[in-house]
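# Working through the structure, step by step
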Amino acid sequence: MEFPSKPLTQLLGSNGPVHALTYSSSPSTYILTGSSDRSIRLYNPSHPSSSSSSNPLAPPKPTQLIQTYTAHGYEILSLTVSADNATFASCGGDRSVFLWDVTTAQTLRRFGGNQGHTARINDVTFAGENNSLLISGSFDASVRIWDVKAGNMKPVMVLDEARDSVSCVLASESEEGVIWAGSTDGRVRAYDLRMGRVRTDVLGAPVTSLQRTRDGKGVLVGTLDSCVRLMDRGSGGCLRSYKAEGWRNEEFRVRSCFGGNERWVVCGNEEVKGDDGEVVVWDTLMGDVVERITVEGSKVEGKKKIGRDGKEKEKRNVISCVAWKENGRGDQWCCAGTDGIVTVFGPP
Amino acid sequence: MSGKRSRATYEADLQAQQSPFVTFGTPLPPLDPDVRDDGSYVPVWKQEVRDERGLKRLHGAFTGGFSAGYYNTVGSKEGWTPSTFVSSRTNRKKDGPKTAQQRPEDFMDEEDIADAEEGRRVETTQGFAGLGSTEDDAVRRGAFIDLFRVDGETVGVKLLRKMGWKEGQGIGPKVRRKARLDGVEDNAAEMHLFAPEDTSMISFVKKNDHKGLGFDGETKLSSLQGTGSDDVKSEDEEEDGRLSLAPKPTKKKKVKVGGIGIGILNDTGSDDEDPYEIGPRISYNRVIGGDKKKKKPISGAVNPLLKSKPIFISKKTAMAKAAAGFRKCHDGRLPLDGFILSSIDEFSSVLQSATNYAPPKIPEGWKSSKQPRAGTQQAAFLSTSDAAKASKLDPKSRASILGEAALPGKSVFDFLSPAARNKIAAASGKDNLPAALGEVPEGYSMTEEERQKEFLSQIPKVDKYTADAALSRGASGFMPYGEDEAKRNRYRAYLENQAGISPTLPEKPPRVSRIDWLKELKEFANCAQIFKPMSGMMATRFTSSSTAPKLASDAPDSSSLLSKPAPKPEDPAEQAAKLGMYGPMTRSTKDWYPTRLLCKRFNVKPPAHVQPGATEHDEEASIGPKNSAPDLVSKSALDDMMKESFDQQNRGRATPVEVEVEKPKEVAVVVVDKERNEALEGKRAGEAVFKAIFGDDSDDD
């Protein structure tokens, strides 16, 4: 099976960098994007792109952009979709986790308030049996676990072992009962419910990305030392580390993921210049670079030429998030980055 | 006829037949059901009273009405209901049909209506704004006078009447004169005896304004007595009015000069009237229907025939009459022979006498017998204060002149130095301050040594520590007064002196006064306080734990004060991670207490220490502190921390040995499998296991 490197379509609409990207659950028909323009967009990548229509009298074709979810007051940093595709949760700068109804585009619950996070929430994920829990990791160095079913706004539990911002959280299959939390303090903490133990693995560099293998025995950890590691859950050892010449990850929260039935590890590259971004693909087992895929960026010149630091802005399209269809099993994947365009790739 | 007929049959008969009971004469016409004027009997309850206009009137007893009693409710069971009343419950008043508006006439009887008819005249309102009538003013003013006026005839009037006096006549013997007909004396007529003319009373009007005596004020449009409507009065009429001493508006009467080109307007009958004059002179018809004009009141006995006779009064005669001075005194008589009635009001003449009658002229060459003495006026007036200013004597000389003994005390200026005196002079702006003598009081005289000592004592002190710190700071780079090398040297010398390094003070530069030098030294002292290094000031307050024992044990040198805190001893786990030695080295495990609800939601059996089998107390202790966000360090948390630190210490001591021994071998990939013993499997190559873990599903299929 060849790596699906053909760009199928581009999903437009975001008015800023896309921070969160996810496929919907099981059939993975839809793509949800969370952008820094405070809205979440629901796309159907299989629809033709809207611009191609030449006949104005033709009936309106279904567009790629299906729904826009706007309730957030800050940028959106993470998204998670429930298994039944009826709800999804989002989080971001506004210190609460929003639980959305997909069809009505209304928030069902907002987890926050007095007992909630006191800083921006970096990551959120569904967990537990029937997605009855939401786990959120925040800049306030805590992980909060929310009960979706209960009516009260108190978190089920607060995990405050982290010494620094919690950048990513991960939950195992419900029977396994493990919660991972990666933190900027360079540690991944695995909370084992069965054993009642927490295992802390020191990575050394701030952790920005967590993905687990499907069998739950390995965890793919992205850190800010330009390295993605496949860690063994049992022993804490490093099974494989993924590095590449000309690939760098030192400042952005670049998310990596498995693809093609965990055959590949896919991650965006910081070491890019100009409009186009780059995604680097490693072979999971061998650890060598299989593909370097250039992601076409937008050619629109940004308005701001000078950055906040007073220096001239160097245009860079860093692919910060990648998502694989059907949780790594499908033949399609997409990526998005600082220019806000989601590019969908498929088999040639 | 059997019995009495019923009323109905009787009435039917009445209308049907022609008065069946009439035997002789012409019977009345048959009854009209609407009109009942045949005098036939109508029972009381069928009677209705209506007035001329067909209105049912239930009052007006004087015009033959009756009370609105039982019968006039006209049989209605509800009784009398006001016609205007409409129950607002269901149908609102505004919705319902409009009831006939009742007019005032409906409630008036004939007399009233007659009066009203009589009073119907179209008339402008009294204070018609367009004309600005002041008619009401007089009424208003007289309001109180009317209140207190004796009504009816007084006793005096009665007595006079009895003596043959008639109203309108004067009192006194009869006067023989010609008959005056309408103000014109007919020369041809014979003389008759007439009653003397009435003299009007002088009424003193109270002065209740604040205007000056004789001030007319703004002349009003109408006189006090004058009425707006009929103000065309003859002279006599005016005189008839009550004479008042109050200032009276003088009527301007323009003398018209006839000439070529007299316009139509000037050609009116009355010469006295100015056609352009508006205001009280204009007599509009303000009444329609009534009398056009009141007749001119006729004074004296007047022949009614003469009244209508047109009389021409030439302008000349009128003028002559006015000019001849036939003006009468206030009592109505002519002034005495040889006197001319003053044209000026008495009071005003008094006031204006100063201007009217100039003082007599002093004859030329007249000299007063009283000569002012020469000399006294010569010397210019000199006020006391000016004199005092002019004097050049100071208190001492004055005392000597006066022969006073000199005061024992001395002036402040005696002790002031010339510099200080100049300063005071500059500050006060006075040049004439006494000269400063610079005396030194007896008890305070000092030798040169003492003076030096005193001067030195004034040099500001900086404690040795600060001076040291400032010096060291200067040595390390920064020293103030970079722009002035000499000053910087002085500063350094000062600091060295204060630090006890050198005994000499900085040299006093030439041409600098002692005071300026002291000032500079003070500045240095302040400077040293400010520019001493931060550590000097802050280090006394904050001590880092690592340097604290150092400070206590040995003398702090400046470099140690500035040093950074010692780097934290690196976590061995991080060290290992840096080396890439992931595995047991980088892994630490400790107890964690998931809540029961969390386990339930994960569908996981809670771990043993969270099991419900544990005692209630244990459970609470284990869950409690972890359950919610920790805001206080509880005892258990403290214990945990203690335990952790203890563990860490132990491990830290133990692991380094391990690292050296074991790690090189451990670098090989460690594969974990639940079924196998990790320790035993450590060395095995992980290829097969990899396959098992990451193997492609599709391959398996």
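What counts, and where the lines are drawn
Residues numbered from 1 in each chain as written. Chains lettered and ligands numbered in written order. Predicted model: local features only at pLDDT ≥ 70, side-chain atom pairs only at ≥ 80, totals over all residues. Heavy atoms only, no water. UniProt positions renumbered as here; feature names shortened; annotations may be inferred. Helix = DSSP H or I, 4+ residues; strand = E, 2+ residues; numbered from the N terminus. Buried < 20%, exposed > 50% of the residue type's maximum accessible area, 1.4 Å probe, protein only. Areas by Shrake-Rupley, 256 points an atom, 1.4 Å probe, with all protein chains shown as cover. Contact = heavy atoms within 4.5 Å. Salt bridge = Lys/Arg side-chain N within 4 Å of Asp/Glu carboxyl O. Pairing = 2+ DSSP bridges. Axes fitted to C-alpha atoms, helices over the stretch in contact; angles between N-to-C directions. Disulfide = S-S within 2.5 Å. Buried area = accessible area lost by both parts, 1.4 Å probe. Nonpolar A, V, L, I, M, F, W, Y, C, P; charged D, E, K, R; others polar. Lys, Arg positive; Asp, Glu negative; His and termini not counted. Polar contact = N/O pair within 3.5 Å; in protein donor to acceptor, adjacent residues only side chain to side chain. Core = buried A, V, L, I, M, F, W, Y, C linked by side-chain atoms within 4.5 Å. Patch = residues over 30% accessible without salt bridge, like charges linked within 9 Å, V, L, I, M, F, W, Y side chains within 5 Å. Charge placed at Lys NZ, Arg CZ, Asp CG, Glu CD.

The name recorded for chain B in an unreviewed UniProt entry is DUF1604-domain-containing protein, from Mollisia scopiformis.

As recorded in an unreviewed UniProt entry, chain A goes by the name WD40 repeat-like protein, listed as coming from Mollisia scopiformis. In its Subcellular location (unreviewed entry) section, the UniProt record describing chain A reads: "Cytoplasm". One UniProt comment on chain A, placed under Sequence similarities (unreviewed entry), says "Belongs to the WD repeat MORG1 family."

Before going further, it helps to examine the overall build of chain B. The number of helices and strands found in chain B is 26 helices and seven strands. Residues classed as buried in chain B amount to 16% of the 701 residues present. With an accessible surface of roughly 55,900 Å², chain B has 57% of that area assigned to carbon and sulfur atoms.

This brings us to the overall build of chain A. Within chain A, the regular secondary structure consists of zero helices and 28 strands. Every one of the 348 residues in chain A was classed for burial, and the buried ones make up 60%. Contacts in chain A between residues at least 24 apart in sequence constitute 46% of all its contacts with a sequence separation of at least 6. Accessible surface, chain A: about 14,000 Å² in total, of which carbon and sulfur atoms supply 47%.

The next thing to look at is the pattern of salt bridges. All chains considered together, the criterion is met by 20 salt bridges over all chains. With a closest N to O distance of 2.8 Å, B:Arg601 and A:Asp147 form a salt bridge. One end of the pair, B:Arg601, is in helix H21 (residues 596-602); the other, A:Asp147, is in strand E12 (residues 143-147), on a second chain. In this pair, the class of B:Arg601 matches that of A:Asp147, namely buried. In this structure, the salt-bridge partner of A:Arg187 is B:Glu574, at a minimum N-O distance of 3.0 Å. Taken as a pair, A:Arg187 in strand E16 (residues 187-192) and B:Glu574 in helix H20 (residues 572-578) lie in two separate chains rather than in one. One continuous salt-bridge network, built from bridges that share partners, spans A:Arg248, A:Glu250, A:Glu251, A:Glu270, A:Glu271 and A:Arg316.

Residues and elements named next belong to chain A. Taken together, the four strands give an open sheet; going across it, the order is E10-E11-E12-E13, and neighbouring strands pair in antiparallel fashion. Edge strands, defined here as strands with exactly one partner in the open sheet, are strand E10 (121-127) and strand E13 (157-159). Along the sheet, successive strands turn relative to each other by an average axial angle of 20°, direction set aside. In this structure, strand E11 (residues 133-138) lies alongside E12, joined through five bridges in antiparallel fashion. Within E12, the position partnered with Ser-136 by the bridge is Arg-144.

Let us now look at the sheet that holds strand E25 (residues 289-295) of chain A. All names here are of chain A. Spatially, E22-E23-E24-E25 is the arrangement adopted by the four strands of the open sheet, whose pairing is antiparallel. Edge positions in the open sheet fall to strand E22 (256-259) and E25, since each of these has one partner strand only. Strand-to-strand, the axes of this sheet are offset by a mean angle of 25°, without reference to chain direction. Here four bridges tie E22 to strand E23 (residues 264-268), and the two strands are oriented antiparallel to one another. Within E23, the position partnered with Ser-256 by the bridge is Cys-267.

Working definition: the covalent bond between the sulfur atoms of two cysteines is a disulfide. Residues and elements named next belong to chain A. A full pass over the atoms with the stated rule returns zero disulfides over all chains. You can see Cys-238 has no disulfide; the closest cysteine sulfur is in Cys-227, sitting 6.6 Å from it. Cys-334 provides the cysteine sulfur closest to Cys-335, a residue in no disulfide bond, and the two sulfurs are 7.1 Å apart. Residue Cys-335 is classed as buried on the basis of its relative accessible area, which comes to 0%.

This part takes up the interface of chain B and chain A. Residue-level contacts link 42 residues of chain B with 57 residues of chain A. Across the interface of chain B and chain A, roughly 4,400 Å² is buried in total on both sides, 56% from carbon and sulfur atoms. Area buried by chain B at its contact with chain A is led by B:Arg587, B:Trp592 and B:Phe602, which between them contribute 19% of it. On inspection of chain B and its partner chain A, the count reaches four salt bridges. For the side of chain B that touches chain A, the per-class residue count stands at 22 nonpolar, nine polar and 11 charged.

So, on to the UniProt feature "repeat: WD" (unreviewed entry) in chain A. Residues annotated in UniProt with the feature "repeat: WD" (unreviewed entry) correspond here to residues 11-44, 69-110 and 114-156 of chain A. Structurally, residues 11-44 of chain A is divided into 0% helix and 50% strand, and its ends, taken at the C-alpha atoms, are 9 Å apart.

What follows deals with unusual backbone geometry. Residue and element names in this part refer to chain A. Even without a glycine there, the phi angle at Ser-28 is positive, about 55°. For Ser-28, the location among the structural elements is in the loop between strand E2 (18-23) and strand E3 (31-35). For Asn-261, which is not a glycine, the phi torsion comes out positive at approximately 55°. Relative to the helices and strands, Asn-261 is located in the loop between E22 and E23. Residue classification places Asn-261 among the buried positions, given a relative accessible area of 16%.

Let's shift gears to the side chain of A:Asp192. Positionally, A:Asp192 belongs in strand E16. A:Arg199 provides the closest opposite charge to the buried, unpaired A:Asp192, separated from it by 4.0 Å. In terms of polar contacts, A:Asp192 uses its side chain to reach the backbone amide nitrogen of A:Met195, at 3.4 Å. When sequence neighbours within four positions are dropped, the list of residues in contact with A:Asp192 reads A:Glu176, A:Gly177, A:Val178, A:Arg197, A:Arg199 and B:Trp592.

A few words now on the environment of A:Gly93. Residue and element names in this part refer to chain A. Mapped onto the elements of the fold, Gly-93 is located in the loop between strand E7 (87-92) and strand E8 (97-101). As a C-alpha pair, Gly-93 and Phe-139 span 46 residues in sequence and 9.6 Å in three-dimensional space. Excluding residues that lie within four positions of it along the chain, Gly-93 makes contacts with Tyr-74, Glu-75 and Arg-120.

To continue, consider the side chain of A:Ser209. All names here are of chain A. Here Ser-209 shows up in strand E18 (residues 207-212). Residue classification places Ser-209 among the buried residues on the basis of a relative accessible area of 0%. Here Ser-256 takes part through its backbone nitrogen, which lies 3.1 Å from a polar atom of the side chain of Ser-209. Those residues in contact with Ser-209 that sit more than four places away from it in its chain are Cys-168, Leu-220, Val-221, Gly-222, Val-254, Arg-255 and Ser-256.

By size, the foremost hydrophobic cluster in this structure holds 22 residues, and its most contacted members are A:Ile135, A:Ile145, A:Ile179, B:Leu598 and B:Phe602. Counting residues per element, the ones that place at least two in this core are E11, E12, E13, strand E14 (166-171) and strand E15 (178-183) of chain A together with H21 of chain B. The residues contacting B:Leu598, other than those within four sequence positions of it, are A:Leu133, A:Ile145, A:Val156, A:Met157, A:Ile179, A:Leu193 and B:Trp592.

This paragraph deals with the pairing of strand E17 (residues 197-202) of chain A. Counting buried residues along E17(A), five of its six residues qualify, which places the element largely inside the surrounding structure. In terms of strand pairing, E16(A) meets E17(A) through six bridges, oriented antiparallel. From the neighbouring strand, A:Arg189 faces E17(A), where its bridge partner is A:Thr200. Note: E17(A) against strand E7 (residues 587-591) of chain B, five bridges, orientation antiparallel. Among the inter-strand pairings, A:Arg199 is bridged to a residue of E7(B), identified as B:Thr589.

All names here are of chain A. Most of strand E27 (residues 333-337) sits inside the fold, with five of its five residues counted as buried. Burial of the side chains of E27 extends over both faces: Trp-333, Cys-335 and Gly-337 are buried on one face and Cys-334 and Ala-336 on the other. Where strand E26 (residues 319-324) and E27 come together, five bridges link them in antiparallel fashion. Bridge pairing in E27 links Val-322 to Cys-335. Judged from the three bridges that link them, E27 and strand E28 (residues 342-346) form a sheet pairing that is antiparallel. Of the residues in E28, the one forming a bridge with Trp-333 is Phe-345. Turn length for the E27-E28 hairpin, with the two strands adjacent in sequence and antiparallel, is four residues, and the turn residue Gly-340 shows positive phi of about 80°.

The next thing to look at is a negative patch on the surface. On the surface, B:Glu110, B:Glu111, B:Asp112, B:Asp115 and B:Glu118 cluster together to form a negatively charged patch. Structurally, the position occupied by B:Asp112 is in helix H2 (residues 110-118).

Time to look at a nonpolar patch on the surface. All names here are of chain B. Side chains of Leu-393, Ile-401 and Leu-402 sit close together on the surface and give an oily, nonpolar patch of about 320 Å² of accessible area. Within the secondary structure layout, Leu-393 lies in the loop between helix H9 (384-390) and helix H10 (395-402). The partly exposed category is assigned to Leu-393, whose relative accessible area is 40%.

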